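# Residue-level structure breakdown
Each chain, letter by letter, is given below.
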Amino acid sequence: MNKLEHNHTMTDRAVHPVIWDTDYGMVGSINFYLLDTGGSLVLIDAGLDSDECRTRLQSELKNIGATVADISRILLTHHHEDHAGLVPWLLEQQNIPVHAHPDAVPRLKADRKFLEMRLEFFRTLYREMGCGDMGAARFETLEETIRDADELALRTEIRPLEEGDSICRLDVIETPGHSPDCISFVDKRNRFVFSGDVILDGASVNALIDPDLDGNRLPSVSQQRQSLKKISGLDTDVLLPGHRNEIRNHRELAAEKIARMDRKDVRILDLIRGGTHVPAEIAQAYYGKKYHAVFPLIMSEIIGHLDFLESEGKISKTMTRGIWHYRAESSD
Ligand SMILES: [Zn+2]
């Protein structure tokens, strides 16, 4: 079984992976980690809010002779529901600190003003990218999510972690792209990294379009590229990711992912040169039926790559009747 090796034991600390094999979102498994720092347990990510994840966590705690009460703090690699799921349940049992990137805070707390701004951001984005009915349908789903947001909101204080911070002898590095708030935790001494979703073995990580706290579109694909380079530059032995197997060839894998992004850029540029100018049409030409099946992911990909190509001076855009049209620059 090609699985995460259990219980990486270092001189004074041990990592106990909690793994749930699942086809949730085709990610393969949901992984989160108990770090025994010699006396106290730190939870890195908190799985999905499901009975399966709760049971896995409890049985791993039992294996090491601990209980939920021994967890002293929670560190989150990002705010997504498959990483922060059990946080409310854990906080019900005891009030422990939760640490995450500042950009995770309004998302985890379901800050009404932020969510409304984000809703408006997507309404405009989908309209201007030519998504028509698909965009309108997606917008309705987002509106519903806002209505339920209060129930899901974390009520606790979230302590901010940024690049250069250090906690429990883990160095924080910012690795955005998949989400604006993605961070990784580096244990230099023991040469491992809790890497969240920045890079996965055998699955592609989508760079998801999102606004910053002021409502400006973040350059997700550029960020993802930079994060992959940052990960690639780490002098470490093993990445402990949010899904799938642990990664022992992070340089090679990061280079593969970047090459894949390069190929995507070339294909998108070819489509534009071939006369497809509207983002929603580029998305359909590129992805076919997948455009309808996984619309938000596909549009994120296409918009992210268009932003990247534009930042590289390879394409430019003009607005015609409220919709952006992209054209290739004549050079090369
Ligand atoms: Zn994830």
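Residues numbered from 1 in each chain as written. Predicted model: local features only at pLDDT ≥ 70, side-chain atom pairs only at ≥ 80, totals over all residues. Heavy atoms only, no water.

On to the coordination of the zinc ion. Here the zinc ion is held by D82 (OD), H83 (NE2), D197 (OD) and H243 (NE2), and the distances to it run 2.0 to 2.5 Å. In this structure, the zinc ion is coordinated by four donor atoms arranged in irregular fashion, with angles at the metal of 83 to 162°. Considered as a linear motif, the donors of the zinc ion on their single chain read D-H-x113-D-x45-H. Of the two residues, H83 sits in helix α2 (residues 81–84) while D197 sits in the loop between β11 (192–196) and α7 (220–232), which places them 114 residues apart along the sequence. For H83, a relative accessible area of 0% gives the class buried. (Donors = N, O, S within 2.8 Å, 3.2 Å for Na, K, Ca; no water. Tetrahedral: all angles 85-135°; square planar, octahedral: opposite > 155°, others 65-115°. Helix = DSSP H or I, 4+ residues; strand = E, 2+ residues; numbered from the N terminus. Buried < 20%, exposed > 50% of the residue type's maximum accessible area, 1.4 Å probe, protein only.)

Our next topic: the UniProt feature "domain: Metallo-beta-lactamase" (unreviewed entry) in the protein chain. The feature "domain: Metallo-beta-lactamase" (unreviewed entry), as annotated in UniProt, sits at residues 29–243 in this numbering. From the first C-alpha to the last, residues 29–243 spans 5 Å; its make-up is 37% helix and 20% strand. (UniProt positions renumbered as here; feature names shortened; annotations may be inferred.)

We now examine the environment of A293. Mapped onto the fold, A293 is located in helix α10 (residues 290–293). A293 sits 18 residues away from S311 along the chain, and the two C-alpha atoms are 29 Å apart.

The next thing to look at is the side chain of S195. Counting through the fold element by element, S195 comes out in strand β11. Not counting residues up to four positions away in its chain, the partners in contact with S195 are S184, L239, L240 and P241. (Contact = heavy atoms within 4.5 Å.)

Another aspect to go through is the pattern of salt bridges. Oppositely charged side chains can form a pair if their charged atoms are brought close together. Tallied over the full model, the rule gives 18 salt bridges. Between E163 and K230 there is a salt bridge whose closest N-O contact spans 2.8 Å. Linking E163 in the loop between β7 (158–160) and β8 (166–167) with K230 in helix α7, this pair joins segments that are 67 residues apart in sequence. Given the relative accessible area of 31%, K230 is considered partly exposed. A salt bridge links E246 to R248, with the shortest nitrogen-to-oxygen separation between them at 2.9 Å. Residue R248 is classed as partly exposed on the basis of its relative accessible area of 45%. (Salt bridge = Lys/Arg side-chain N within 4 Å of Asp/Glu carboxyl O.)

What follows is about the environment of L240. Its location among the elements puts L240 in strand β12 (residues 238–241). Each C-alpha atom, one on L240 and one on M134, is 36 Å from the other, the two residues being 106 residues apart in sequence.

Packing of α7 against helix α11 (residues 295–311) leaves a shortest axis separation of 7 Å and a crossing angle of 80°. Between α7 and α11, the angle falls in the class roughly perpendicular. Residues S220, V221, S222 and R225 of α7 pack against E301, G304, H305, F308 and S311 of α11. Looking at the contact of α7 with α11 residue by residue, the class counts come to two nonpolar, five polar and two charged. (Axes fitted to C-alpha atoms, helices over the stretch in contact; angles between N-to-C directions. Parallel < 35°, antiparallel > 145°, perpendicular 65-115°, else oblique. Nonpolar A, V, L, I, M, F, W, Y, C, P; charged D, E, K, R; others polar.)

Moving on, we come to a negative patch on the surface. Negative charge collects at one region of the surface, where E140, E144, D148, D150 and E151 lie side by side. Topologically, E140 is positioned in helix α6 (residues 132–152). (Patch = residues over 30% accessible without salt bridge, like charges linked within 9 Å, V, L, I, M, F, W, Y side chains within 5 Å. Areas by Shrake-Rupley, 256 points an atom, 1.4 Å probe, with all protein chains shown as cover. Lys, Arg positive; Asp, Glu negative; His and termini not counted. Charge placed at Lys NZ, Arg CZ, Asp CG, Glu CD.)

Structurally, the protein chain comprises domain 1 (8–109 + 155–248), domain 2 (110–153) and domain 3 (254–316). Computed from C-alpha coordinates alone, the two centres of domain 2 and domain 3 are separated by 22 Å. Taken together, the contact pairs eight residues of domain 2 with nine residues of domain 3. Carbon and sulfur atoms make up 84% of the area that domain 2 and domain 3 hide from each other, which totals about 740 Å². (Domains from an automatic or database assignment. Buried area = accessible area lost by both parts, 1.4 Å probe.)

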